[in-house]
Amino acid sequence: MTSKRIPVLTIGLLTTLFTLHWLVTDKTALYFSAAGIFDGEAWRIISGHFMHADLQHLLWNCLGLAVLGTLLEFRSRTVLLASFGTGIVVVSALLLTPYAKLDYYCGLSGVLNTLLLVALWLEWKSTRSRLIILITCACIAKVVIEVSQGVSIMTHITWPPYAWSHVAGLIGALPVIWALTEFKPKARLIR
Amino acid sequence: MKTIHTLLLSLTALCIGTIWSPATIAAGLMTPTMSNLPQLEIRQHHVNVVIEDGYAITTVEQVFANPHATDLEAIYSFPVPEKAAVGEFTYWIDGLPVTGEVLEKQQAREIYQQEKQAGREVALTEQDSYKTFDIAVYPVRAGQDVRISLTYIQPVHIDSSIGRFVYPLEDGGVDEQKLSFWTYNDAVEEAFSFNLSFRSSWPIDDFRLPQHPQANIQKLSDNEWNVALVNEFAAIEEGSTNTVLPSVVQRLDQDIVVYWRQQQGLPGSVEMVTYKENPGERGTFMLTVTPGDDLAPITEGRDWVFVLDFSGSMEGKFQSLIEGVKKGLTRLNPNDRFRIILFNKHAREVTHGFEYAAPENIQHYIHQLENNHPNSGTDLFAGLNMGIQSLDADRSNALILVTDGVANLGYTEKKDFLELLEQTDVRLFTFVLGNSSNRPLLESMAKVSNGFAINVSNGDDIAGKIIEATSKLTHEALHDVDVSFSGIKVSDLTPERIGSLYRGQQLIVFGHYWDGGMANVSLSGKASGETRNYTSSFEFPETSTLHPEIERLWAFAKIEDLQNRLDYFGGDADIEQAITDIAVENNLVTDYTSMIVLREERYQELGIDRLNKSRVEKEQLARQERLAQGARNNRVDTQQPMYAEQRASHGNGGGAFDIWMLLLLLPLMFLHLRTRNILQ
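Residues numbered from 1 in each chain as written. Chains lettered and ligands numbered in written order. Predicted model: local features only at pLDDT ≥ 70, side-chain atom pairs only at ≥ 80, totals over all residues.

A. Layout of the overall build of chain A. A tally of regular secondary structure across chain A gives eight helices and one strand. Starting at the N terminus and ending at the C terminus, chain A contains elements arranged as α-α-α-α-α-β-α-α-α. Classification of the 191 residues of chain A by burial places 48% in the buried group. Across chain A, every contact between residues at least 6 apart in sequence was considered, and the portion connecting residues at least 24 apart equals 75%. (Helix = DSSP H or I, 4+ residues; strand = E, 2+ residues; numbered from the N terminus. Buried ≥ 20, exposed ≤ 12 C-beta atoms within 10 Å, placed from the backbone. Contact = placed C-beta atoms within 7 Å.)

B. Molecular detail of the overall build of chain B. Check the secondary structure of chain B and you find 15 helices and 37 strands. Pairs at least 24 residues apart make up 79% of the contacts formed inside chain B by residues separated by at least 6 positions.

C. Here's a closer look at the sheet that holds strand β11 (residues 145–155) of chain B. Residues and elements named next belong to chain B. Taken in spatial order, the eight strands make up an open sheet running β7-β6-β11-β4-β3-β16-β19-β18, and their pairing is mixed. Taken across any chain shown, the strands that pair with only one partner, and hence form the sheet edges, are β7 (96–99) and β18 (216–221). For this sheet, the mean inter-axis angle between neighbouring strands, taken without regard to orientation, is 15°. Sheet topology note: the strand β3 (residues 41–52)/strand β16 (residues 188–199) ladder contains ten bridges and is parallel. Its bridge partner lying in β16, N48 is registered against N195. Strands in contact with helix α14 (residues 611–629) are β3, β6 (85–93) and β7; relative to β7, the strand with the most contacts, it is inclined by about 110°. (Pairing = 2+ DSSP bridges. Axes fitted to C-alpha atoms, helices over the stretch in contact; angles between N-to-C directions.)

D. Inspection of the pairing of strand β17 (residues 204–208) of chain B at higher detail. Residue and element names in this part refer to chain B. Counting buried positions along β17 yields four of five residues, so the element is predominantly enclosed. As judged from the four bridges shared by β17 and strand β20 (residues 256–262), these two strands associate in the antiparallel manner. Residue pairing for β20: F207 is matched across the bridge by W260.

E. Local environment of helix α11 (residues 549–569) of chain B. Residues and elements named next belong to chain B. With 21 residues, α11 extends 31 Å from end C-alpha to end C-alpha; this agrees with the ideal 30 Å at 1.5 Å per step. Burial analysis of α11 places 16 of its 21 residues in the buried class, which makes it a mostly covered element. Of the residues one or two after α11, G570 is the one with positive phi, at around 85°. (Expected span 1.5 Å × (residues − 1).)

F. Focus on the pairing of strand β35 (residues 530–540) of chain B. Residues and elements named next belong to chain B. Sheet topology note: the strand β34 (residues 517–527)/β35 ladder contains eleven bridges and is antiparallel. Looking across to β35, one finds that K526 is bridged to T531. Connecting the antiparallel pair β34 and β35 is a turn made up of two residues, with S528 showing a positive phi of about 50°.

G. Seen up close, the sheet that holds strand β33 (residues 507–513) of chain B. Residues and elements named next belong to chain B. Spatial ordering of the open sheet is given by β21-β22-β33-β31, a layout of four strands whose pairing is antiparallel. Unpaired on one side and paired on the other, β21 (269–275) and β31 (490–494) mark the two borders of the sheet. Neighbour-to-neighbour, the strand axes of the sheet open up by a mean angle of 25°, direction not taken into account. Strand direction decides the pairing type here: β31 and β33, joined by three bridges, are antiparallel. Residue pairing in the sheet places S491 in a bridge with H512 of β33.

H. Inspection of helix α2 (residues 105–117) of chain B at higher detail. Residue and element names in this part refer to chain B. Here α2 contains 13 residues, and its C-alpha end-to-end distance of 18 Å stays within 8% of the 18 Å for a straight helix at 1.5 Å per residue. Residues of α2 that are buried include every one of A108, Y112 and E115, and no others. With its buried residues spanning 75° around the axis, α2 presents them on a single face. Away from the buried face of α2 by more than 90 degrees, exposed residues Q106 and Q117 are located. Buried-residue contacts for α2 involve β8 (101–104), β9 (122–128), β10 (132–140) and β36 (593–598). Positive backbone phi, approximately 80°, marks G119, located one or two places after α2. (Arc of directions from axis to C-beta.)

I. A look at the packing of helix α6 (residues 109–127) of chain A against helix α8 (residues 164–182) of chain A. Residues and elements named next belong to chain A. Running from amino to carboxyl end, α6 crosses α8 at an angle of 40°, the nearest separation of the two axes being 7 Å. In terms of their interaxial angle, α6 and α8 are classed as oblique. At the point where α6 passes α8, the crossing takes the right-handed sense. Across from S109, G110, V111, L112, N113, T114, L117, V118 and W121 in α6, the residues of α8 making contact are S165, H166, A168, G169, L170, G172, A173, V176 and I177. (Parallel < 35°, antiparallel > 145°, perpendicular 65-115°, else oblique. Left-handed = near helix turned anticlockwise from the far one by under 90°.)

J. Focus on the environment of B:G280. Locating B:G280 in the fold gives a position in the loop between β21 and β22 (283–290). Under the C-beta neighbour-count criterion, B:G280 is labelled exposed, with 11 such atoms within 10 Å.

K. Molecular detail of the environment of B:R109. All names here are of chain B. Secondary-structure assignment places R109 in helix α2. For R109, a count of 16 C-beta atoms within 10 Å gives the class partly exposed. Between the C-alpha atom of R109 and that of A234, which follows or precedes it by 125 residues, the distance is 34 Å.

L. Highlighting the nonpolar core. The biggest cluster of nonpolar side chains holds 160 residues, and the ones touching the most others in it are B:A123, B:V137, B:F306, B:V307 and B:L553. Sort the elements by how many residues they give to this core and α11(B) lands first, with nine residues. Grouped together as the second largest cluster of nonpolar side chains are 58 residues, A:C106, A:L122, A:I135 and A:A163 included. (Core = buried A, V, L, I, M, F, W, Y, C linked by C-beta atoms within 7 Å.)

M. Region of the structure containing unusual backbone geometry. Residue and element names in this part refer to chain B. Cis peptide bonds are those with omega within 30 degrees of zero, and the linkage from Y138 to P139 qualifies with -10°. Among the secondary structure elements, P139 is positioned in strand β10. A cis amide bond links T494 with the next residue in sequence, P495, at an omega value of 10°. If you trace the backbone, P495 turns up in the loop between β31 and β32 (499–501). Within the chain, S160 stands out as a residue other than glycine whose phi angle is a positive 50°. Its location among the elements puts S160 in the loop between β12 (158–159) and β13 (162–167). Of note, S376 is a non-glycine position whose phi angle comes to about 70°, a positive value. Among the secondary structure elements, S376 is positioned in the loop between α6 (359–370) and α7 (380–389).

N. Focus on the confidence of the model for chain B. For chain B, per-residue confidence averages 84 on the pLDDT scale, and residues scoring 70 or more make up 86% of the total. For this predicted complex, the interface score ipTM comes out at 0.79, while the overall pTM is 0.77. (pLDDT = per-residue confidence, 0-100.)

O. Summary view of the packing of α7(B) against helix α8 (residues 414–422) of chain B. Residue and element names in this part refer to chain B. Two elements in contact, α7 and α8, have axes separated by 11 Å at closest approach and are oriented at 5°. Viewed along their axes, α7 and α8 adopt a mutual orientation that is roughly parallel. From α7, F381, L384, N385 and I388 reach across to α8, where they touch D416, F417 and L420.

P. Representation of the environment of B:G383 in the model. Residues and elements named next belong to chain B. Mapped onto the fold, G383 is located in helix α7. Here the alpha-carbon distance between G383 and N458, two residues 75 residues apart in the chain, equals 25 Å. Ignoring sequence-local partners within four residues, the contact set of G383 consists of V307, I341, F343 and A347.

This is the structure:
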């Protein structure tokens, strides 16, 4: 495992996102829907995070995934997979609660927040740079503003913003960080 | 829940699909098909829309040109916009704008013919029921052009925090006689522009024109937005610096649908605008209630009865309809049941009683549907009656009616339909396709059954319509809604019967009041058998001159109530006279009144008072004053909120990474690359 390898997992995920966006005509069948999931449409738990409301929504999230996915995959493909999975689980858990009050949800940004926090933690572990603390504070501040104001900052997608998924995504990073701290990963992290 | 949402998903999809008719006609200049008359040209078509304070004012200015050697008459027809009150019609005579006056329909027609025969300039706007507004202009001199403009007002509803405005141009092609008699010229030869100015009490997140993604959308502030569609000719005329859109609209054959989305988390609220010129005189108010999101979800299963139109006008659309039904049925919960009823000149059931949504049943009945070919007339009553008779009283049920046309066979009177629905405990959910459907009939039927009607344009966003319908059917509704006032004298409330409020729906009530002062306002209704009351107190102003248009909006709503009564109880000379009186007093074009423009001196010679001219001047002044003020907050229940909950939103959401987040990632990448020694 070297830092110069091709991030195939990230490329695969990006390809999946674009393919789904262009090929699926009836996106409603794949959006995250708590009602649908409770009625047995379990695929929505995963597919909802891969669907996007419009091209702008898709492109922004793909840019985020390209950067964060590559950063994590350079360190460990297992960590990227674990972060991705945990992010899906935690964000989905939030969306399944009555608190979410959503009929439909789509987009990867909740999961990206999991990747973000894990990536920040890993960089902190290897650099101890104060810049990491500043970036982390800025990210958290952004999410707090979004949640308190009910707006998305500097982007306009055709669906209303749901900032609580970003909170859930950040929370989703905590078990991954805890696991990385408590247990020695089988795949040695590249430092 | 799944059942409801999948059904609605497919139904809305099929509804949108069914409007894709190659045979549709558009708004345009009409020429008799078999005549030797040459066609006039639409040289310019400019649409200016102002949406503020809960209503939209749309002004359509056009130039018709006559490139031929003889004088001609221009006849322009366009679909009636939803709940539109035409109150202003202007014809440029000798280069100067002359506004029209409202007269009884027959009288206006006679004067039009008389002036035409005398060779004098004259123009007439008539309403053809719920179908079209027809404008006649004479003369369009040989080698010259004429300029006219028409202004209409309509309330703007927000549903689940999403606003929708439609500039209707498509015609559903359901009036075969009209289609065969007239040839339509819908091409705009030179300048076309559509400009929408939006000012809101509430912050707006985004605008969207699903069929016109090229539109130039400008955010001036959270509460003020502009939308523009301008072709090259119009851009040159305006000296526009906006994005110029070559050939955006060359034909007037596609509805322009505009959506806007309010920010999330806004409260349930009551807004009010008033008009009261002097203390002690009668004032008019428009109350807009946006309920809090406090209606509980429905979890029980239902029986679904599809009543589908396969009359001749559905030709070319029926296959899409079948695809939609198939899509919905394949996703039903196996415990749900369905029936399918088709109607044209007869009604017949495709299924054999209720069938469970098993794959083999679905495949079987879809195959049967595919063997049907749309033809013949529309006996809507027969279809509806069969649907109602087929219900199982022991189970929750819903009847879904999809039609694009009018009832023209069997029972066709509105009264018959309303009586049929009143006899049965069933919720009717209607998808009203296109601009030519008998909207008044379908909406009244939905209202009397405590269901709802959803208007669907070909320009609508499919996903948005699905979500709108799903959101309503997955939640309980507030039934028997009533609004009452105490503390001040209020009268002439309209609508007379409110009916039900579904999740996300706004309630708009018009009325008159006399003395200003503090009023206690109460809204009550029943949800799941329990009575709910919502109250607030706020001030009605002694004078208020910023919104003279709401007098016309009140009048239009009152006329709708009277028309409903007329349809229900049959012909009544007193009611007809009441409609005419209200329309003339408030200068509105209706089925009983028309607006005529004459040379200025002819008004006096014919003894026609210039009442509308004064009203129009007053309204134009108020518009200028409102423009100068910018966006206003019309909320009146701030001190004592009527709702504790936030207003409903469409219940969907997404999140996106944005440029800020990516900028934050740059230093992270830098650190990473430096650590890897890649930058060294």
